[in-house]
Amino acid sequence: MRRAGLVLLLSCGVSSMAMAGEVPLNQPAPAWVTKAPLDNATATNPDAPELLVFDTQSRIENGQLWTYTDKAVRVTSAEALNQLATLTLPWAPDKGDLIIHEVSILRDGKVIDLLAGGKSFTVLRREESLEQLEYTGILTATLPAEGLRTGDTLRLRTSVTTRDTALAGHVQSGFNLPTAPLRIGFTRTRLQWDAKSATHWQAKGEGVSVTPTRLGAYTQIEVTSTLPKQPERPQDAPARFRMVPFVETSSFADWADVSRVMAPLFATDGLITPGSPLAAELEKIKAAPSQIEKAQRALRLVQDEIRYFAVSMDGGNYIPQKPADTWTKRYGDCKAKTLLLLALLRGSGIDAEAVLANAQSGDTVPAHLPSVAAFNHVLVHARIDGQDLWLDGTGSGARIEDIRDTPDFEHVLPLRPKGAGLIDLPLRTPGRPLIALSVDADESASVDLPSAFSARVVMRGPLYATLSTAGAKLDTKQRAQMIEQFFTKMLSSGQYTDTAMTTDVASGTITLSARGIKSSPWEWDDKRMRRSLNNLHDALGFDPNRARTDWATIPVAIPGPLSASYDLTVHLPDHGKGFTVDGQQNAETQAGGRRLTRHMTMADGVVQVQERIDALGGEIAAADIPAERDKVAAMLAAEPRLVAPANTPRRWDLAVTGAAKPAQLAMLESIYASMIHEAEPGEPSAWLNRASLRQGLGDYAGALTDLTSAIAIAPDADTYLQRARTYYALGKLGDALADAQKARSLDPASGAAVGMAASLEAESGDLAGATQLLDQKIALGGKTRDGYRMAKADIIGQFGDPAEAIKIIDAMIADKPGSPSLLNARCWIKGTRSIQIESALKDCTSAVELSSDTYGALDSRALIWLRMGRLKEALADLDAVLLATPGLAPSRFLRAIVHAQLQQPGAAAQDLAIARRLDPSVDHTYARYGIVVGKPLASMAVAKEGLK
């Protein structure tokens with residue numbers, strides 16, 4: 001019998017420790033195995049599947065599981081060849097042996113033995129799970145598939161024996177069954193057992209049909225075909241509805257049998273030696289004034305002082321490490337932590353027992369045969385003062401407030417010497433939120449300005465452990481980026497600075513904080529500015545799909561128990577005068593498996609909202625889904641929103657310098673200054689964002705300074721264009737043109753750069769050069785052609801022959817009749833140049849009627865009404881525009897003209913001041929059209945005979 005040589009390697013992920021284990025090669029398969037058929041005709045059939053053979057046969061006998069596997073794969077591509085270039089076979093040597101029956105290539109009807117000539121497997125201890133804090137002890141046998149080519153069929157037949165002493169002679173096994181659309185030439189899953197094994201079996205899945213047969217002293221079941229494609233199930237269905245098809249066996253009689261077998265592994269008598277270091281820790285725990293505090297001290301000790309590390313070798317799958325070893329090594333897995341916690345609790349006089357659980361799919365446990373394989377976790381069940389406590393030593397940061405929390409394991413198995421059945425885990429609302437977010441937003445100057453805020457989030461549990469560990473490994477820059485990403489996810493887009501992370505071991509929490517800026521949360525709706533106050537909206541969503549007939553009876557799985565809280569403080573303009581609340585200020589309601597608690601106050605211009613969402617866990621029956629959906633819809637509809645008064649201060653009303661500068665604006669400036677200070681080399685975003693703020697406030701000189709700084713850091717076409725607009729607003733036409741041309745040179749394909757450069761060239765007196773530039777782009781055709789044609793019509797309409805401009809628009813309308821944007825453009829040219837006014841009115845009115853966004857066409861029509869001397873109609877259109885978009889400088893300017901003509905000097909002066917602040921060039925622009933402040937109406941209107 002030839003055996004593989006042992007090669008010991010030292011490299012990343014490979015242990016250097018000594019090991020035992022040999023791999024028998026070219027051994028015949030057991031007599032009870034039936035070799036799967038495979039011939040050359042099948043292997044060379046181009047329509048055959050890649051996986052020609054997938055055969056698994058197992059036998060349970062004398063407390064041992066023998067599993068034979070036969071797999072034959074066609075090499076159909078270079079990618080497949082690379083994947084099969086090296087064979088790897090893992091196994092656990094402490095539980096059994098790996099035996100090689102055949103490694104061969106089938107090529108042109110010939111079988112090539114890859115083990116011929118003394119070739120052998122290399123055996124490695126390759127710990128690939130170390131990053132997951134697990135030491136498995138798994139050995140890996142590897143063999144290069146020498147000479148393998150595309151078109152070959154590679155066949156590998158092996159056996160693995162398993163005997164687990166921890167199971168006291170019991171044997172358990174399970175195999176997933178292949179399903180369509182997976183194509184397999186020959187598939188078989190066969191299980192056999194002798195009468196002495198007292199084995200139970202079951203097969204589950206759509207289309208599974210299994211009938212046991214007797215083969216002498218053995219019982220056999222087998223599945224010999226690929227199952228049909230399994231019914232699709234909704235992702236929010238409980239796990240038991242989404243199980244993959246499987247066949248399993250177990251020699252455990254029932255759950256009580258499993259409980260009895262495993263209970264001795266968690267016996268604690270004599271495990272804490274008097275006078276030992278661990279005994280000293282026990283004495284500290286016993287000094288606590290109450291049983292509940294003793295339990296808390298013990299749990300904290302195990303969670304905080306023992307790091308998680310799983311040892312699965314040498315029987316470690318089920319046999320826990322001794323408490324003294326765990327305390328000395330300061331690491332352990334769920335078994336070791338549970339045994340240590342049990343010893344401490346029982347040593348403190350607390351009634352406690354170990355319970356098995358499935359941490360990911362607890363819902364599926366009752367669907368399986370009784371076996372240890374149904375579980376992957378163990379924790380402690382303690383009983384104190386009539387209360388059941390579920391204490392998990394692998395958790396993180398649990399404190400006295402959390403000790404009554406329950407995990408979402410659904411079903412657990414107590415381990416008792418006399419045995420026990422499955423019990424259901426209760427669902428309790430967590431004592432503390434997993435995430436507690438608080439935001440203090442200064443919006444006290446204007447609903448138009450970005451919100452300046454400070455944010456803080458306190459986290460516990462797994463997040464506490466994960467972020468504490470991650471934060472310790474990051475440098476200052478990386479930590480700031482992580483905090484920014486976290487707040488961006490929680491508060492949506494924003495800009496952050498002054499980030500910090502602090503850990504509080506006493507409370508088992510980690511706190512992230514930052515100051516930030518985000519776009520104004522106020523939105524125009526139903527003729528008022530309104531603001532939502534809810535940041536937990538997504539957590540309330542409940543929209544399960546059960547429309548399909550085969551889904552109609554499937555319940556909805558609710559995550560949890562989980563909790564999150566959100567505290568919001570908003571500082572309002574004008575001390576909150578005139579602000580109201582629309583919706584339900586205070587609430588305590590339950591819908592869709594969530595409980596919402598809200599308390600809201602508004603006083604002295606400060607709004608405070610405290611909200612908590614508890615995801616309750618469990619299930620909602622399919623029959624209850626419609627009612628729960630209605631409850632959730634009502635809950636969401638009742639969310640409170642702030643409503644600003646009609647005369648709330650706007651950004652153009654604010655002082656931007658001096659002692660009168662509002663607090664919100666001062667905070668914005670402070671945050672931007674901090675961002676600029678923290679900016680990375682080559683990153684101009686802080687300057688650009690502050691420039692946008694200053695432009696919005698009418699501080700074009702300040703914006704110019706910031707844009708110049710940004711260009712010095714990272715010159716690009718967009719920033720040059722933004723500075724060109726700023727120069728133009730300040731009346732610096734030459735500088736604006738130079739920047740536009742620079743933008744065009746940096747990005748010749750930029751339509752915005754070409755359009756601005758052409759417009760400024762035309763205004764500078766070079767209309768021919770401007771139109772030539774646009775004609776070059778128009779000649780290229782494509783999707784941008786019409787945009788350049790429109791730009792050409794616009795500059796000719798402003799600086800050239802309006803009839804020629806109208807001709808261009810007419811041709812475009814002929815191609816796209818009824819286009820509201822083209823009708824509005826033609827109306828605007830006629831209005832600004834005072835020609836064809838009556839047809840201009842028809843154009844604008846048609847544009848208003850056809851457009852979904854009427855404000856541009858209404859503004860143009862107001863100009864036509866002014867030309868016609870119909871001031872009341874002009875005022876009505878402008879009022880409609882400015883009611884919805886009060887920050888439009890051209891409409892403000894035009895309305896100032898109308899107010900002045902109607903002898904309303906106060907309103908005229910107010911609109912004029914706002915228009916000039918928003919756009920200092922507005923007088924210059926309208927003077928080009930003959931619309932000048934103080935000019936008599938007769939000089940701006942068109943004589944009746946000239947209207948046509």
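Keep in mind it's a predicted model, so treat the numbers as computed, not measured. (Residues numbered from 1 in each chain as written. Predicted model: local features only at pLDDT ≥ 70, side-chain atom pairs only at ≥ 80, totals over all residues. Heavy atoms only, no water.)

A word on the overall build of the protein chain
When helices and strands are tallied, the protein chain shows 27 helices and 37 strands. Taking 2.2 N^0.38 as the reference for a compact globule, 948 residues should give roughly 30 Å; the C-alpha atoms of the protein chain span a radius of gyration of 38 Å, well beyond that estimate. Taken over the C-alpha atoms alone, the protein chain extends approximately 115 × 80 × 55 Å along its principal axes. Within the protein chain, the proportion of its 948 residues that are buried is 50%. (Helix = DSSP H or I, 4+ residues; strand = E, 2+ residues; numbered from the N terminus. Rg over C-alpha atoms; globule rule 2.2 N^0.38 Å. Buried < 20%, exposed > 50% of the residue type's maximum accessible area, 1.4 Å probe, protein only.)

Digging into the state of the cysteines
Under the counting rule described, the total for this entry stands at 1 disulfide. In this model C827 forms its disulfide with C844; the gap between the sulfur atoms is 1.7 Å. On the sign convention where negative is left-handed, the bridge of C827 and C844, at about -90° about the S-S bond, is left-handed. Of this pair, C827 sits in helix α20 (residues 820-832) while C844 is found in helix α21 (residues 837-850), placing the two residues 17 residues apart along the sequence. Accessibility expressed as a relative area gives 1% for C827, which makes it buried. (Disulfide = S-S within 2.5 Å.)

Digging into the packing of aromatic side chains
One pass over the structure, following the stated rule, counts 8 aromatic pairs. Both rings, one in F309 and one in Y331, keep their centres 5.3 Å apart while their planes meet at 70°; by these two values the pair is edge-to-face. Of this pair, F309 sits in the loop between β16 (307-308) and β17 (310-311) while Y331 sits in strand β18 (residues 331-332), and the two are 22 residues apart along the sequence. Exposure remark for F309: the relative accessible area of 14% places this residue in the buried category. An angle of 70° between the planes, with centres 5.8 Å apart, marks the rings of W522 and F579 as edge-to-face. Of the two residues, W522 sits in strand β28 (residues 522-525) while F579 sits in the loop between β31 (562-571) and β32 (580-582), which places them 57 residues apart along the sequence. Of the residues examined, F579 reaches a relative accessible area of 6% and is grouped as buried. For the cation-ring pair, R59 lies above Y218, with the distance from its terminal atom to the ring centre recorded as 3.6 Å. (Phe/Tyr/Trp six-rings, centres within 6.5 Å; stacked < 30°, edge-to-face > 60°. Lys NZ or Arg CZ within 6 Å of the ring centre and 35° of its normal.)

Focus on helix α10 (residues 625-637)
For α10, built from 13 residues, the straight-helix expectation of 18 Å at 1.5 Å per residue is met to within 8% by its first-to-last C-alpha distance of 18 Å. Among all positions in α10, only I625, E628, V632 and M635 are buried. The arc that holds the buried residues of α10, viewed along the axis, is 85°, so those residues lie on one side. Exposed residues on α10 whose side chains face more than 90 degrees from its buried face are D630 and A637. Of the surrounding secondary structure, the elements contacted by the buried residues of α10 are β30 (556-557), β33 (587-591), β34 (594-603) and β36 (619-620). (Expected span 1.5 Å × (residues − 1). Arc of directions from axis to C-beta. Contact = heavy atoms within 4.5 Å.)

With respect to the nonpolar core
Nonpolar side chains in soluble globular proteins tend to be buried together. Of all hydrophobic cores here, the largest spans 51 residues; its most connected members are L344, L345 and L391. For this core, the secondary structure elements donating two or more residues are α3 (255-262), α4 (277-286), α5 (291-305), α7 (334-347), β19 (351-357), β20 (377-384) and β21 (387-391). Broken down by element, this core gets its largest block of residues, 8 residues, from α7. Setting aside chain neighbours within four positions, we find L391 in contact with A295, L299, L341, L345, L379, V380, A382 and I403. Counting residues in hydrophobic clusters, the runner-up holds 47 residues, among them V439, A455, L596 and I625. (Core = buried A, V, L, I, M, F, W, Y, C linked by side-chain atoms within 4.5 Å.)

Things to note about the environment of T76
Within the secondary structure layout, T76 lies in the loop between β2 (64-74) and α2 (78-83). Residues T76 and D152 lie 76 residues apart in sequence; the distance between their C-alpha atoms is 7.9 Å. Among all residues touching T76, those that are not within four sequence positions of it are E50 and T150. Reaching out from T76, the side chain makes a polar contact with the side chain of E50 at a distance of 3.0 Å. (Polar contact = N/O pair within 3.5 Å; in protein donor to acceptor, adjacent residues only side chain to side chain.)

A look at helix α8 (residues 462-473)
In a regular helix each residue adds 1.5 Å, so 12 residues correspond to 16 Å; α8 covers 17 Å between its end C-alpha atoms and thus fits that length. Of the positions making up α8, those classed as buried are Y464, L467 and G471. All buried residues of α8 project into a common sector of 80° when viewed along the axis, lining one side. Among the exposed residues of α8, those pointing more than 90 degrees away from its buried face are P462, T466, A472 and K473. Elements in contact with the buried residues of α8: β25 (451-460), α9 (476-491), β26 (495-504) and β27 (509-518).

Considering the pattern of salt bridges
Scanning all chains against the criterion turns up 53 salt bridges. Between R916 and D923 there is a salt bridge; the shortest N-O distance is 2.8 Å. Exposure remark for R916: the relative accessible area of 37% places this residue in the partly exposed category. Several salt bridges converge on common partners, so that one network encompasses E232, R233, R548 and D550. (Salt bridge = Lys/Arg side-chain N within 4 Å of Asp/Glu carboxyl O.)

So, the sheet that holds β25
The strand order β26-β27-β25-β24-β31-β35-β34-β33 describes an open sheet built from 8 strands, whose pairing is mixed. Because the sheet does not close on itself, it has two edges, and the strands there are β26 and β33. Adjacent strand axes in the sheet meet at a mean angle of 10°, parallel and antiparallel pairs treated alike. As judged from the 5 bridges shared by β33 and β34, these two strands associate in the antiparallel manner. Of the residues in β34, the one forming a bridge with A591 is R594. Relative to β33, α10 is tilted by about 150°, and along the sheet it contacts β33 and β34. (Pairing = 2+ DSSP bridges. Axes fitted to C-alpha atoms, helices over the stretch in contact; angles between N-to-C directions.)

With respect to the sheet that holds strand β15 (residues 246-250)
Across the sheet, which stays open at both edges, the 3 strands sit in the order β10-β15-β12 with antiparallel pairing between neighbours. Edge positions in the open sheet fall to β10 (172-176) and β12 (200-204), since each of these has one partner strand only. Each strand of the sheet is rotated relative to its neighbour by a mean of 5°, with strand direction disregarded. Alignment of β10 against β15, held across 5 bridges, turns out to be antiparallel. Directly across from Q172, in β15, lies its bridge partner S250.

Here we look at the environment of M490
With respect to the element layout, M490 can be found in helix α9. Residue classification places M490 among the partly exposed residues on the basis of a relative accessible area of 22%. With 87 residues separating them along the chain, M490 and K577 place their C-alpha atoms 30 Å apart. M490 has contacts with I435, L437, V457 and N535, leaving out every residue within four places of it along the chain.

Comments concerning the packing of helix α24 (residues 889-901) against helix α25 (residues 905-918)
Running from N to C, α24 and α25 cross one another at 155°; their axes reach a closest spacing of 8 Å. Judged by the inter-axis angle, α24 sits roughly antiparallel to α25. For α24 against α25, the interelement crossing comes out left-handed. Here A889, R892, F893, R895, A896, H899 and A900 of α24 lie close against α25, whose contacting residues are A907, A908, D911, L912, I914, A915 and L918. (Parallel < 35°, antiparallel > 145°, perpendicular 65-115°, else oblique. Left-handed = near helix turned anticlockwise from the far one by under 90°.)

A look at unusual backbone geometry
In this structure, P181 follows A180 across a cis peptide bond, with omega equal to 15°. For P181, the position within the fold is in the loop between β10 and β11 (184-194). Cis rather than trans, the peptide bond between G560 and P561 has omega equal to 5°. Here P561 lies in the loop between β30 and β31. The phi angle at D526 is positive, at roughly 55°, despite the residue not being glycine. If you trace the backbone, D526 turns up in the loop between β28 and β29 (528-532). Under the relative-accessibility criterion, D526 is labelled exposed at 58%.

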